[in-house]
Protein chains: 2
Amino acid sequence: MIKVAAWGTGMMGQGLLGYILDRPRDIELVGAIVTNPAKEGKTVGELVGRQCDVRMTTDSERVLAENPDVVCVCTQSFLHEITDQVEPCVRAGANVLCIAEKLAFPWASDPEWADRFDKLAKEYGVSILGTGVNPGFILDALIVMWTSISLSVDRIEAQRVNDLSPFGPTVMKTQGVGTTVEEFERGVADGTIVGHIGFPESIYLIARALGWKIDRIEETREPIVTTVERSTPHVTVAAGDVAGCKQIGRGYTNGELKIELVHPQQIHPEMEGVSTGDYIRIFGDPEVNMATNPEIPGGKGTYASTGNYIPLIGAAPAGMLTVVDLPLPRFWAPSI
Amino acid sequence: MIKVAAWGTGMMGQGLLGYILDRPRDIELVGAIVTNPAKEGKTVGELVGRQCDVRMTTDSERVLAENPDVVCVCTQSFLHEITDQVEPCVRAGANVLCIAEKLAFPWASDPEWADRFDKLAKEYGVSILGTGVNPGFILDALIVMWTSISLSVDRIEAQRVNDLSPFGPTVMKTQGVGTTVEEFERGVADGTIVGHIGFPESIYLIARALGWKIDRIEETREPIVTTVERSTPHVTVAAGDVAGCKQIGRGYTNGELKIELVHPQQIHPEMEGVSTGDYIRIFGDPEVNMATNPEIPGGKGTYASTGNYIPLIGAAPAGMLTVVDLPLPRFWAPSI
C-alpha cells in the first residue's frame with residue numbers, strides 16, 4: 001500500500017481522488033487538503049459521489065503528519081502559487097506529484113526557484129515531479145519517445161488542436177473567446193488573455209532529453225476569427241469575432257528553428273471543418289508523422305497521468321525531476 | 001567516450017556501424033566481429049563506405065579483450081542462435097544490446113533460458129536488452145507509453161501495415177509472397193513461411209508493464225490474396241496468388257481478448273488502395289486512436305533504436321532487461 005494525500009479538490013483534484021479510490025488495495029488515502037474552508041469537514045465521498053469517509057481539511061499539517069509517501073498537488077499553475085504547498089510536503093518527507101504547468105520544467109520560468117526545490121528535495125531525500133498531459137506528455141515526453149527510433153533529428157513540429165466548447169466562463173475569458181479582434185489584442189498585451197501555459201516547459205523538456213541547447217524561445221498568440229456564429233452555454237461569438245486563441249511556441253538554436261509547437265484552442269472547431277487531434281512531425285531520418293483523432297482529453301489525461309506516476313516516483317532519485325528523467329510511464333492497473 | 005563493439009555486419013549491423021561512426025566524440029568503436037570469414041581483415045570503412053580503419057574479425061575473444069562497455073549484437077532472431085554471442089560478451093563484462101526478436105522478451109519462448117541470461121548478467125554486473133522497432137517499440141513500448149494517460153485500459157488493438165516491395169528473395173520466401181494459396185497454407189504448416197517474429201514478445205512486454213496476466217496467446221497467418229498482378233524485381237504475383245502474409249497475434253486473460261496485434265505484410269499494398277502506417281487503439285478511458293503514415297521503417301528504426309539505447313544501458317540495473325524496464329528512450333544527439 002502506498003500512502004497518498006491529495007492537495008486540492010477542484011476538477012483535477014476530484015479526478016485524481018477518483019483514480020485513488022479505484023485502487024483500494026494499492027493506495028491508502030491518508031488525507032485531502034482543501035484551500036476553500038467551505039469544503040472543510042465534508043467527506044471525499046460526498047465530493048466525488050463515491051464511498052470514502054476521509055474528511056477534507058484545510059489543516060495541511062495534520063495530513064502531512066500522517067506521513068504520506070506521495071502528495072498529489074492539484075491546485076494552481078505557477079511556481080509562486082504552489083511553493084507553500086510543495087515545500088511543506090517535501091519537509092514532511094513526501095514525494096510530490098504536481099500538475100502546475102510551470103513545474104513540468106521549472107528552470108524555464110525561474111532557474112533559482114527550481115534549484116531551490118531541487119536542493120530541498122535532495123536534503124529530504126524525496127522527489128518532486130511536474131505532471132500532466134500538456135505540458136508533460138503530448139507535446140514533450142511523447143515526442144521524446146518518438147525520437148528514440150531516429151538516426152537524426154533536425155527539427156520538430158507538433159500541433160494540438162482542441163475544442164474549448166465544454167469549458168466554462170473562466171476559460172472563455174483567459175482564451176479570449178467572444179472578444180472582438182481589438183479586445184483580443186488588448187487582452188494579450190495586458191496579460192488578461194494568457195492562452196496556454198506550458199510551451200517553454202515543453203520545449204525545454206525536449207531539449208533536455210535530446211541534449212539540445214535552446215537559446216531563444218518565442219511565443220505568439222493570435223485570434224482565431226470565426227466566419228460563422230458559434231455559441232456554447234457560456235458564450236456566443238458573432239461572425240468576425242474571436243472563437244479562440246492560436247498559440248505558437250518556437251525554440252531556436254543559434255537562430256535555427258528546432259522546435260515549433262502550435263496549439264489552436266477554440267469553441268466548435270468543426271463548424272469550420274477543423275477536426276481535433278494531436279499531431280507530431282519529426283523531420284530527420286526517418287521522418288515521423290503521427291496523428292491522434294480526436295485529441296487526448298487534457299483534463300482526464302492530466303489526472304490519469306499524475307496517478308500513474310504514483311508507483312514510479314518512489315523509486316526515482318531525490319531531487320527536482322522531470323518526466324524525461326523517469327522510466328517509461330505506463331497505466332497502473334488496480335490490484336483486484 | 002563509451003567503448004562499443006559491433007557483432008554482426010549484415011544490413012542491420014552496417015546501419016548500426018553508421019550510427020556509431022556518426023558519434024566520433026561519444027563512441028570509440030573497439031571492434032567489429034563478423035561470422036563470415038570472407039569479411040575478415042577488411043575495414044569497417046570499406047564495408048560502409050566511410051572513413052574507419054577498424055578491421056573486421058572473426059576473433060571475438062580479441063575484440064572482447066578490448067573491454068567494450070557495450071556490445072551491439074545484430075545477427076539472428078532466436079535465443080539459441082545468439083547465445084554463443086551474448087554469453088561471451090556478458091562474461092567479458094560488457095552490456096549487451098541485441099536485435100534478436102526473441103530477446104525482446106525471452107521468457108515468452110523459453111523462461112529457463114531467459115532466467116539463465118538474467119542470472120549470468122547479474123553475476124557479471126551487466127545488462128542484456130533486446131531492442132528493435134518490432135518488437136521493441138511500435139507494438140509494445142509505444143503502446144505502454146500511451147497507456148500512461150489512461151484511467152482504465154480494457155483492451156488494446158494495434159496494427160502495422162507495411163510494404164515488402166524493397167525486400168529481397170529471402171523475405172519473399174519467409175512471407176510466402178508469390179505462392180499459391182495452397183502453397184502458402186502448406187508453408188505455414190511446415191514452418192517454411194514464418195511471417196513476423198515477435199508477437200508473443202510484444203504481447204508479454206505490454207502485459208509486464210501493465211501488470212496483466214496473459215494466460216493464452218494465439219497466432220494466425222493468413223494469405224493476402226491479390227486481385228491484380230503485382231511484381232517487384234524479385235517476384236511476380238499473379239492475380240489470385242499470394243502477395244503477402246497477414247499475421248495476427250492475440251493475448252487473452254481468462255478467455256477475454258486483451259491485446260490484438262495485426263501485421264499485414266505484402267508487396268505493393270497501394271495497388272489495392274492499402275496505405276501503409278502504424279495504428280494504435282486503446283479501448284478504455286480515455287480512448288486512444290493513433291496513426292502514423294507511412295509506417296516507421298523497420299530496418300532503420302531498429303538500428304537507430306539500438307544505438308539510442310547505448311547511453312542508457314550503462315546506468316540500468318544488472319540483469320536480463322526489457323525496454324519497459326528502462327528510462328524513457330530518446331534520440332542521442334552526437335556531440336559536436
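Residues numbered from 1 in each chain as written. Chains lettered and ligands numbered in written order. Predicted model: local features only at pLDDT ≥ 70, side-chain atom pairs only at ≥ 80, totals over all residues. Heavy atoms only, no water.

Quick word on the sheet that holds strand β4 (residues 70–73) of chain B
Residue and element names in this part refer to chain B.
Link 1 in the chain: On the basis of which strands lie adjacent, the open sheet formed by seven strands has the order β3-β2-β1-β4-β5-β6-β15 and parallel pairing. At either end of the open sheet lies a strand with only one pairing partner, and these are β3 (56–57) and β15 (319–321).
Link 2 in the chain: Where strand β5 (residues 95–98) and strand β6 (residues 127–130) come together, three bridges link them in parallel fashion. Following the sheet pairing, Cys 98 is matched in β6 by Gly 130.
Link 3 in the chain: Across the sheet, helix α1 (residues 11–21) touches β1 (2–7), β2 (27–33) and β4, and the angle it forms with β2 is around 155°.
Link 4 in the chain: Where helix α5 (residues 111–124) meets the sheet, it contacts β6 and β15, and its direction lies at approximately 125° from that of β15. (Pairing = 2+ DSSP bridges. Helix = DSSP H or I, 4+ residues; strand = E, 2+ residues; numbered from the N terminus. Contact = heavy atoms within 4.5 Å. Axes fitted to C-alpha atoms, helices over the stretch in contact; angles between N-to-C directions.)

Considering the interface of chain B and chain A
Link 1 in the chain: Contacts between the two partners involve 46 residues from chain B and, on the opposite side, 46 residues from chain A.
Link 2 in the chain: Taken over both partners, the interface formed by chain B and chain A buries close to 3800 Å², and the fraction arising from carbon and sulfur atoms is 68%.
Link 3 in the chain: Broken down residue by residue, the surface that chain B buries against chain A is led by Met 145, Leu 151 and Phe 331 of chain B, which jointly contribute 18%.
Link 4 in the chain: Inspection of the chain B/chain A interface yields two salt bridges.
Link 5 in the chain: A salt bridge links Lys 300 of chain A to Asp 285 of chain B; its shortest N-O distance comes to 2.6 Å.
Link 6 in the chain: Remark: the boundary between chain B and chain A carries 15 residue pairs in polar contact (both at pLDDT 80 or more).
Link 7 in the chain: Broken down by secondary-structure element, the contributors of at least two residues to the side of chain B that touches chain A are α6 (141–147), β7 (152–163), α9 (199–210), β14 (288–292) and α10 (298–308) of chain B.
Link 8 in the chain: In terms of residue class, the side of chain B that touches chain A is made up of 31 nonpolar, 10 polar and five charged. (Buried area = accessible area lost by both parts, 1.4 Å probe. Salt bridge = Lys/Arg side-chain N within 4 Å of Asp/Glu carboxyl O. Polar contact = N/O pair within 3.5 Å; in protein donor to acceptor, adjacent residues only side chain to side chain. Nonpolar A, V, L, I, M, F, W, Y, C, P; charged D, E, K, R; others polar.)

Some details on the sheet that holds strand β6 (residues 127–130) of chain A
All names here are of chain A.
Link 1 in the chain: Ordered by their spatial adjacency, seven strands build an open sheet running β3-β2-β1-β4-β5-β6-β15, and the pairing between neighbours is parallel. The sheet terminates laterally at β3 (56–57) and β15 (319–321), the two strands that pair on one side only.
Link 2 in the chain: Pairing between strand β1 (residues 2–7) and strand β2 (residues 27–33): six bridges, direction parallel. Note that in β2 the partner of Ala 6 across the bridge is Ala 32.
Link 3 in the chain: Strand contacts of helix α4 (residues 79–91): β1, β4 (70–73), β5 (95–98) and β6, with the helix running at about 155° to β5, the strand carrying the most contacts.

What about the environment of Ser 275 of chain A?
Residues and elements named next belong to chain A.
Link 1 in the chain: Mapping Ser 275 onto the fold places it in the loop between β12 (256–266) and β13 (277–285).
Link 2 in the chain: Residues Ser 275 and Leu 16, spaced 259 residues apart in sequence, show a C-alpha to C-alpha distance of 29 Å.
Link 3 in the chain: Here Ser 275 is in contact with Val 161 and Asn 293, once residues within four sequence places are set aside.

Describing the confidence of the model for chain A
Link 1 in the chain: With 100% of its residues at a pLDDT of at least 70, chain A reaches an overall mean of 97.
Link 2 in the chain: Across the interface, the model reports ipTM at 0.97; the global pTM reads 0.97. (pLDDT = per-residue confidence, 0-100.)

Some remarks on the pattern of salt bridges
Link 1 in the chain: Evaluation of the coordinates by the stated rule reveals 29 salt bridges over all chains.
Link 2 in the chain: Where Arg 208 of chain B meets Asp 325 of chain B, a salt bridge forms, and the shortest distance between an N and an O atom there is 3.2 Å. Of this pair, Arg 208 of chain B sits in helix α9 while Asp 325 of chain B sits in the segment after β15, and the two are 117 residues apart along the sequence.
Link 3 in the chain: Several salt bridges converge on common partners, so that one network encompasses Arg 216, Glu 218, Arg 250 and Glu 260 of chain A.

Thoughts on the relation of the copies chain B and chain A
Link 1 in the chain: Mapping chain B onto chain A leaves a residual RMSD of 0.0 Å; the transformation is a rotation of 180° accompanied by 0.0 Å of translation along its axis. Both copies of the chain, as the preceding transformation shows, are related through a two-fold rotation axis. For chain B, the minimum C-alpha distance to the rotation axis belongs to Pro 327 of chain B and amounts to 1.8 Å.
Link 2 in the chain: Taken together, the interface assignments show that 100% of the residues at the interface of chain B recur at the interface of chain A, consistent with an identical surface on both copies. (Least-squares fit on C-alpha atoms with pLDDT ≥ 70 in both.)

As for the environment of Ser 77 of chain A
Residue and element names in this part refer to chain A.
Link 1 in the chain: Here Ser 77 lies in the loop between β4 and α4.
Link 2 in the chain: Accessibility expressed as a relative area gives 17% for Ser 77, which makes it buried.
Link 3 in the chain: Placed 43 residues apart in sequence, Ser 77 and Leu 120 show a C-alpha to C-alpha distance of 20 Å.
Link 4 in the chain: Ser 77 has contacts with Ala 100, Glu 101, Lys 102 and Ile 197, leaving out every residue within four places of it along the chain. (Buried < 20%, exposed > 50% of the residue type's maximum accessible area, 1.4 Å probe, protein only.)

Details of helix α5 (residues 111–124) of chain A
All names here are of chain A.
Link 1 in the chain: Over its 14 residues, α5 runs 20 Å from end to end, which matches the ideal 20 Å to within 8%, given 1.5 Å per residue.
Link 2 in the chain: Taken residue by residue, α5 has Ala 114, Phe 117, Asp 118, Leu 120 and Ala 121 as its buried positions.
Link 3 in the chain: Residues of α5 that are buried sit in contact with α4, β6 and β15.
Link 4 in the chain: Directly after α5, the chain includes Gly 125, whose backbone phi takes a positive value near 70°. (Expected span 1.5 Å × (residues − 1).)

Comments concerning the packing of α1 of chain B against α10 of chain B
Residues and elements named next belong to chain B.
Link 1 in the chain: One way to put it is that α1 packs onto α10 with a least axis distance of 9 Å and a crossing angle of 50°. By the angle between their axes, α1 is oblique relative to α10. For the pair α1 and α10, the crossing hand works out as right-handed. Each of Met 11, Met 12, Gly 15, Leu 16 and Tyr 19 in α1 lies in contact with α10, whose residues at this interface are Gly 299, Thr 302, Tyr 303, Ala 304, Thr 306, Gly 307 and Asn 308.
Link 2 in the chain: Its residues assigned to classes, the contact of α1 with α10 comprises six nonpolar, six polar and no charged. (Parallel < 35°, antiparallel > 145°, perpendicular 65-115°, else oblique. Left-handed = near helix turned anticlockwise from the far one by under 90°.)

Structural notes on the pairing of β14 of chain B
Link 1 in the chain: Among the five residues that make up β14 of chain B, four are buried, leaving the element largely enclosed by the rest of the structure.
Link 2 in the chain: Relative to β14 of chain B, strand β14 (residues 288–292) of chain A runs antiparallel, the two sharing three bridges. Bridge pairing in β14 of chain B places Ala 291 of chain A opposite Ala 291 of chain B.
Link 3 in the chain: As defined by bridge partners, strand β13 (residues 277–285) of chain B adjoins β14 of chain B across five bridges and the pair is classed as antiparallel.

Remarks on the state of the cysteines
Link 1 in the chain: Taken as a whole and assessed by the stated rule, the structure comprises zero disulfides over all chains.
Link 2 in the chain: Between Cys 89 of chain A, a cysteine without a disulfide, and Cys 98 of chain A, which holds the nearest cysteine sulfur, the sulfur-to-sulfur distance is 9.0 Å. (Disulfide = S-S within 2.5 Å.)

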